[in-house]
Amino acid sequence: LTVTARRVYDDDGADAGAVVVSRDVTAELTAIRARDDLVASVSHELRTPLTSIVGYLELVLDDDLAPSTRRGLEVAERNANRLLSIVADILAASSTNRSTVELSIAPEPTDVAAVAASSLELHAPRAAERGIRIDASGLEHAVAHVDPSRLRQVLDNLVSNAVKYNRDDGVIEVGTTSDGPHVWIVVRDSGHGISPAEQAQVFDRFFRSDSVRNTSTHGSGLGLSISREIVRSHGGDITVRSDLGSGTTFVVRLPATDEPATNANEWPAP
Ligand code: ADP
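Note that this is a predicted model, so its numbers are computed, not measured.

Thresholds applied
- Residue numbering note: each chain is counted from 1, following its sequence as written.
- Owing to the predicted nature of the model, reporting of local features is limited to residues with pLDDT of at least 70; listing and counting of side-chain atom pairs is limited to 80 or more, with chain, interface and lining totals taken over all residues.
- Derived side-chain values reflect all non-hydrogen atoms in the structure, with water molecules and hydrogen atoms excluded from consideration.
- Only DSSP runs of H or I with at least four residues qualify as helices, and only runs of E with at least two residues qualify as strands; both kinds are numbered from the N terminus onward.
- To sort residues, take the accessible area from a 1.4 Å probe on protein chains only and compare it with the maximum for the residue type: under 20% means buried, over 50% means exposed, and anything in between is partly exposed.
- Note: two strands are recorded as paired if DSSP finds a minimum of 2 bridges between them.
- Put simply, a patch holds well-exposed residues, over 30% relative accessible area, that have no salt bridge, with like charges counted together within 9 Å and Val, Leu, Ile, Met, Phe, Trp or Tyr side chains within 5 Å.
- Areas reported as accessible are Shrake-Rupley estimates using a 1.4 Å probe. Residue values count occlusion only from the protein chains shown.
- We define a salt bridge as a contact between a side-chain nitrogen of Lys or Arg and a carboxyl oxygen of Asp or Glu at a distance within 4 Å.
- Just so you know, the count uses Lys and Arg for positive and Asp and Glu for negative, and it drops His and the chain ends.
- Taken as the charge centre is NZ of Lys, CZ of Arg, CG of Asp or CD of Glu, depending on the residue.
- Think of each axis as a best-fit line through the C-alpha atoms, taken over the contacting stretch in the case of a helix, with angles from 0 to 180 degrees between the N-to-C directions.

A.B. asks: Go over unusual backbone geometry, please, and point to the residues and values.
C.D. replies: Residue Pro268 follows Trp267 across a cis peptide bond; omega there is -5°. Its identity as a non-glycine residue notwithstanding, Phe206 has a phi of 70°, on the positive side. Counting through the fold element by element, Phe206 comes out in the loop between helix H5 (196-199) and helix H6 (210-213).

Structure (structure tokens):
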């Protein structure tokens, strides 16, 4: 139920009572739920044939092919993969959307520096292609009580955004630290930044800023909303700071733990 109330005055300005409007919004909420269910089932139905398309394209690409045939099939494969990752985002968004309790997480003592380092390793080739330097000197061992695969999902999203929305020959700095009760992860880039108005919206589902929507950077606008859902379901939070023209910083706060990390020997690499 939503309720709004207004005082009413007559022509002389004297108090003439009040108007109270109450509205039953059950129908709207049911409609939103039905829309989310539809989106989730359509995405699910799309995934199976798409996976098969990608599989067959990979198979055909293993053969000897004329260069123009290969180029065409490679474009098809890239786009089919892009569609697949959008479908995966939509599915994740519609399931995380219900309530944070339904997001399945299995927290364990996790060294966040190890997770960040392996995410950086995954994105390093893409960064190198554009001359973007990765500065990981701020990584310090810090043990958080988190689901390592969910944390990896958050970091992959932040780091891939830091590459996608950076300038050529830019920098990405990633740092981790602990201050007792909390573990902090900072991902900073030297890209074009996000305006104050858009900073308020970047965590909204399907939001993509005007400046990127018509460019060649692709995305679903779901990564950050999923990331925030994941971080919050661990009792943490994620915030953004940005100056237009000079870059963007995302800060993730997570609960720390004194227990030894289960992935303690994964970083630095032996
Ligand atoms: P996607 O990258 O798939 O569009 P996200 O939810 O990850 O979706 O990000 C939402 C939007 O926020 C992006 O489309 C972009 O406009 C903006 N954004 C996210 N990260 C950055 C960044 N590091 N620098 C500038 N803009 C960003």
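A.B. asks: So what's going on with the pairing of strand S7 (residues 182-189)? Which residues, and what values?
C.D. replies: On a regular strand, each side chain points to the face opposite its neighbour's, so the side chains alternate between the two faces of the sheet. By the alternation rule, side chains of S7 split into Val183, Ile185, Val187 and Asp189, which are all buried, and His182, Trp184, Val186 and Arg188, of which none is buried. Turn length for the strand S6 (residues 171-178)-S7 hairpin, with the two strands adjacent in sequence and antiparallel, is three residues, and the turn residue Gly180 shows positive phi of about 110°. Bridge analysis of S7 against strand S9 (residues 247-255) gives eight bridges, and the strand direction is antiparallel. Bridge assignment links His182 to a residue of S9, and that residue is Pro255.

A.B. asks: Would you mind going over a negative patch on the surface in detail, with residue names and values included?
C.D. replies: Together, Glu58, Asp62, Asp63 and Asp64 make up a region of like negative charge exposed at the surface. Mapped onto the fold, Glu58 is located in helix H1 (residues 26-61).

A.B. asks: Outline helix H7 (residues 223-233), listing residues and values.
C.D. replies: Within H7, eight of the eleven residues are buried, which leaves it mostly tucked inside the rest of the structure. Within the span of H7, buried status applies to Gly223, Leu224, Ser225, Ile226, Ser227, Ile230, Val231 and Ser233. A positive backbone phi angle near 85° is found at Gly235, which sits one or two residues after H7.

A.B. asks: So what about the sheet that holds strand S8 (residues 237-243)? Which residues, and what values?
C.D. replies: The pairing of strands in a sheet happens through backbone hydrogen bonds and is either parallel or antiparallel. The five strands are arranged S4-S6-S7-S9-S8 in an open sheet whose pairing can be described as mixed. Strands at the two margins of the open sheet, each flanked by one partner only, are strand S4 (133-138) and S8. Strand after strand, the sheet turns through a mean of 15° between neighbouring axes, direction not considered. Pairing of S8 with S9, which is carried by seven bridges, proceeds in the antiparallel orientation.

A.B. asks: Lay out the pattern of salt bridges with the relevant residues and their values.
C.D. replies: This model, assessed by the stated rule, comprises nine salt bridges. Arg188 is the partner of Glu173 in a salt bridge, and the nearest nitrogen-oxygen pair spans 3.8 Å. On the criterion of sequence distance, the pair formed by Glu173 in strand S6 and Arg188 in strand S7 is long-range, its members being 15 residues apart. We classify Glu173 as partly exposed; its relative accessible area is 33%. In this structure, Asp237 engages Arg232 in a salt bridge whose closest nitrogen and oxygen atoms are separated by 3.2 Å. Asp237 gets classed as partly exposed once you look at its relative accessible area, which sits at 22%.

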